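Architecture and fold: a report
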Amino acid sequence: DLAKIVIGFNTHNAVEIRRAASYGVGVFAIHTKNGFNKYSNECIMSLINGLNFKIKENEDEDQFEGARDNATASLGKIIKNQTNNIEIATVLPHWLDHLPILYDLDETTEQHLMLCQIVNN
């Protein structure tokens, strides 16, 4: 089961693997039209656990923060694309706590626009 493998790598010690896995969970949230509810809690918890990592002395700050940004953006993608399959009150605070996205500039526009739309409503 590919989803379980990607989810599991969100807490890997190597920041590059965490970054890719976090991105993968976001893609999974966007493209899974049926059955995401079977994975939603695991996806969310793996991203939150990945966000709880502390930078190691030998880690590259850009990579580390990029991984955090990918996890944050993936939480946003889950909120946006899987609202009916999650407990929004549980996920939203974790997403908000890790904004703004500063290192993964490819993710900034969508996530910050989404924040503005939520605030505007």
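This text follows the structure it describes.
To start, this report covers the structure provided alongside it. (Residues numbered from 1 in each chain as written. Predicted model: local features only at pLDDT ≥ 70, side-chain atom pairs only at ≥ 80, totals over all residues. Heavy atoms only, no water.)

A few points about the pattern of salt bridges
Convention followed: For salt bridges, the criterion is a side-chain nitrogen of Lys or Arg within 4 Å of an Asp or Glu carboxyl oxygen. Counting from the N terminus, the helices are DSSP H or I runs at least four residues long and the strands are E runs at least two residues long. For every residue, the accessible area (1.4 Å probe, protein chains only) is compared with the maximum for its type, and the residue is labelled buried under 20%, exposed over 50%, or partly exposed between those bounds.
In the structure shown here, the tally under the stated rule is 5 salt bridges. With its nearest N and O atoms 2.7 Å apart, the salt bridge here joins Lys-4 to Glu-42. Linking Lys-4 in helix α1 (residues 2–8) with Glu-42 in helix α3 (residues 40–51), this pair joins segments that are 38 residues apart in sequence. Assessed through its relative accessible area of 41%, Lys-4 is described here as partly exposed. Taking relative accessible area as the criterion, Glu-42 reaches 32% and is therefore assigned partly exposed. Between Lys-77 and Glu-107 there is a salt bridge, and its shortest N-O distance comes to 3.2 Å. Taken as a pair, Lys-77 in helix α4 (residues 61–81) and Glu-107 in helix α6 (residues 105–120) lie far apart in primary sequence, 30 residues in all.

With respect to the packing of aromatic side chains
The condition is simple: Within 6.5 Å between ring centres, the rings of Phe, Tyr and Trp (the latter by its six-membered ring) count as paired, and their orientation is classed by plane angle as stacked under 30 degrees, edge-to-face over 60, tilted in between. Here, over-ring charges are defined by two tests on the NZ atom of lysine or the CZ atom of arginine: distance to the ring centre within 6 Å, and angle to the ring normal within 35 degrees.
Enumeration according to the criterion identifies 2 aromatic pairs in this entry. Both rings, one in Phe-28 and one in Phe-36, keep their centres 5.5 Å apart while their planes meet at 40°; by these two values the pair is tilted. Ring geometry for Phe-28 and Tyr-39: centres 5.4 Å apart, planes at 85°, overall edge-to-face. Here Tyr-39 lies in the loop between α2 (15–31) and α3 and Phe-28 lies in helix α2, a separation of 11 residues in the sequence. According to the relative accessible area criterion, Phe-28 is partly exposed, its value standing at 22%. Judged by its relative accessible area of 15%, Tyr-39 falls in the buried class. Directly above the ring of Phe-53 sits Arg-18, whose terminal nitrogen or CZ lies 4.0 Å from the centroid.

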